[in-house]
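# Summary of structural features
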Amino acid sequence: MDSFIIKGDICYSRDKDELLTFEDSYVVCEDGICRGVFGTIPDRYAGLRVLDHSGMLVMPGMTDLHIHAPQYAYRGLGMDHELLDWLELYAFPEESKYADLGAAYG
């Protein structure tokens with residue numbers, strides 16, 4: 001599997017409450033696994049090819065960027081389900097709470 005480093009402005013989230021940004025930094029990808037974000041390239045990865053995307057925003061792949069406001073609370077859940085199953089299991093029950101205007105404007 002290919003190993004490489006991406007240089008750019010890195011943005012990612014470790015959990016639902018934290019958004020991390022690293023300007024002019026490096027993401028190390030080794031054998032299909034992200035090994036971390038670094039301000040400088042660690043010596044052990046110095047021989048890897050660098051894809052220079054300086055000044056560009058770099059975000060994790062396979063990230064679903066399409067979300068509606070009521071879905072924010074359960075984003076990332078049930079991604080192993082087909083769309084209709086996901087809607088029945090997650091979206092419709094949560095969004096039905098918005099029939100109550102107090103909950104909707106909380």
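Structure's up top.
Below you will find a few notes about this structure. Treat the numbers as computed from the prediction; the structure is a model and nothing was measured.

Scanning the protein chain for helices and strands turns up 2 helices and 4 strands. Start at the N end of the protein chain and walk to the C end: the helices and strands fall as β-β-β-β-α-α. Taken against the 2.2 N^0.38 rule, which gives 13 Å for 106 residues, the C-alpha radius of gyration of the protein chain at 19 Å runs more than 25% over that of a compact globule. Taken along the three principal axes of its C-alpha coordinates, the protein chain extends 55 × 30 × 20 Å.

Inspection of the secondary structure puts V28 in strand 2 (residues 18–30). Residues V28 and R14, spaced 14 residues apart in sequence, show a C-alpha to C-alpha distance of 16 Å. Each residue touching V28, except ones within four places of it in the same chain, is listed here: F4, I5, I33, C34, R35, G36, F38, Y45 and L48.

Rules and cut-offs
- Residues numbered from 1 in each chain as written.
- Predicted model: local features only at pLDDT ≥ 70, side-chain atom pairs only at ≥ 80, totals over all residues.
- Heavy atoms only, no water.
- Helix = DSSP H or I, 4+ residues; strand = E, 2+ residues; numbered from the N terminus.
- Rg over C-alpha atoms; globule rule 2.2 N^0.38 Å.
- Contact = heavy atoms within 4.5 Å.

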